[in-house]
Amino acid sequence: MRIKSLPVKVSLFAGIALAAVFAVGMTVLVQRVGTTVESQTLKLQDETTSNVSAEVSSRLQAAARIAQNIASTMSGLRESGVTDRAAYDALLEKLLADSPAILATWSAWQPNALDGRDAEFAGQSPWDATGRYVPYWNRGSGKIIEEMLADYDTPGPGDYALLPKNLDRAVAIEPYPYMVAGQNLLITSFGVPIKVDGKYAGTAGIDLALADVNQVVSAFHPFDTGRVMLISGTGIAVSHPDPAVIGQKLPDSDPIAAIAKQAIASGNRAQGEATGADGAVWRFMAAPINAGGTEDKWAVVSMVPAATLSAAVNEARGPIVA
């Protein structure tokens, strides 16, 4: 059929043009909605990662401050001439009693650096065979007791005491298992050098049981299906969805370890997508933190299934397309 009427032709062409414009407009709108939703999901994941980072940082810094207080107070006492071990014990016990969130308070003095009486106390309860002032006040058994530190002169197991001395700074020790009141616990230590008249005299510190930190971190589930982890500077899983992995060093091939390492090395947030151990594609985001305010960095890592994020975008597009 040939259309001869000019008004009809104009109306027809106008309708076709309007339909084309509408189609293009809808395509652009759907793309913009998708981009906006993707941006929002990225922002929400970033906010979750930031919130967990802030919570973990706050807990670690609160514990590290106690270690600093022990070192400063003991330094002041020793410089003022106080050498009575009972006075130092009272300090450690009191600080532990007033700080239910930490596991232990302790100090590892150099030989004869406190009172010059190590030989006199050697082998006498509660001291060890050296007689050095190395008390370990802890609540591992449910009540506060005093034991003696172990391995404080042995590189590796004794890094909690040795690294602050060797590095001459406050140190967040990598997570490690330690026997406390008969229990094998995953802990971290914050150690601070004790200086007497400007010279190193020992290390003061606290121990923090990481089970509580794991409980806090694992409670976060971004987009309901996501997970959040805490990874130490050397790749040890402090918090992880798989309980069997906690306390273990993640292999370099693990995407969680890779993104955490990237964030720690750069000192900035890192993100990316990778296939997880379950075969699914996940979006990872990592934020570095200064553990306990020290120079030692850990990382909070969040991961969300790509399928969850795609579903959110498709859901947002649906009403427009329909």
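Residues numbered from 1 in each chain as written. Predicted model: local features only at pLDDT ≥ 70, side-chain atom pairs only at ≥ 80, totals over all residues. Heavy atoms only, no water.

K.L.:
Describe the packing of aromatic side chains, with residues and values.
P.N.:
Two descriptors summarise a pair of aromatic rings, namely the distance from one centre to the other and the angle between the planes of the rings. In this structure the tally under the stated criterion is eight aromatic pairs. Ring centres of tryptophan 106 and tyrosine 160 lie 5.2 Å apart, and the angle between their planes is 80 degrees; this geometry places the pair in the edge-to-face category. With tryptophan 106 in strand E1 (residues 104-109) and tyrosine 160 in helix H4 (residues 159-167), the pair connects residues that are 54 residues apart, well separated along the chain. Of the two residues, tryptophan 106 and tyrosine 160, both sit in the buried class. Ring geometry for tyrosine 160 against tyrosine 178: centres 6.3 Å apart, planes inclined by 70 degrees, an arrangement best described as edge-to-face. Of the two residues, tyrosine 160 sits in helix H4 while tyrosine 178 sits in strand E5 (residues 176-180), which places them 18 residues apart along the sequence. Across the pair, exposure class does not vary: tyrosine 160 and tyrosine 178 are buried alike. Through a chain of ring-to-ring contacts, three or more aromatic side chains come together here, namely Tyr88, Trp109, Phe121, Trp127 and Tyr133. (Phe/Tyr/Trp six-rings, centres within 6.5 Å; stacked < 30°, edge-to-face > 60°. Helix = DSSP H or I, 4+ residues; strand = E, 2+ residues; numbered from the N terminus. Buried < 20%, exposed > 50% of the residue type's maximum accessible area, 1.4 Å probe, protein only.)

K.L.:
So what's going on with the pairing of strand E8 (residues 227-231)? Which residues, and what values?
P.N.:
Where burial is concerned, most of E8 is hidden: four out of the five residues are buried. In sequence, E8 turns back onto strand E9 (residues 237-239) through a hairpin of five residues, with glycine 235 there showing a positive phi of about 90 degrees. (Pairing = 2+ DSSP bridges.)

K.L.:
Can you explain empty space enclosed by the protein? Please cite residues and give values.
P.N.:
The method is simple in principle: a probe with the dimensions of a water molecule rolls over the atoms, and the space it marks as empty is what remains. Going through the model one piece at a time under the given rule, you end up with one cavity of 30 Å³ or more. Every residue lining the largest cavity is listed: Ala108, Gln110, Arg132, Tyr152, Asp153, Ala161, Leu162, Lys165, Tyr200 and Thr203. Elements that contribute at least two residues to the lining of the largest cavity include exactly H4 and strand E7 (199-209). In terms of residue count, the dominant contributor to the lining of the largest cavity is H4 (three residues). (1 Å grid on protein atoms, 1.4 Å probe; cavity = no way out; pocket = protein on both sides within 12 Å on 5 of 7 lines; lining within 4 Å. Points joined across faces, edges and corners; volume = space filled by probe spheres on them.)

K.L.:
Describe the sheet that holds strand E12 (residues 297-305), naming the residues involved and giving the relevant values.
P.N.:
An order of E9-E8-E12-E11-E10 is seen for the five strands of this open sheet, with the pairing classed as antiparallel. Lying at the two open borders of the sheet, with one neighbouring strand each, are E9 and strand E10 (270-275). For this sheet, the mean angle separating the axes of adjacent strands, direction not counted, is 30 degrees. Strand direction decides the pairing type here: E8 and E12, joined by five bridges, are antiparallel. Each bridged residue has a counterpart across the sheet, and for leucine 230 the counterpart in E12 is valine 300. (Axes fitted to C-alpha atoms, helices over the stretch in contact; angles between N-to-C directions.)

In short, geometric facts, not functional conclusions.
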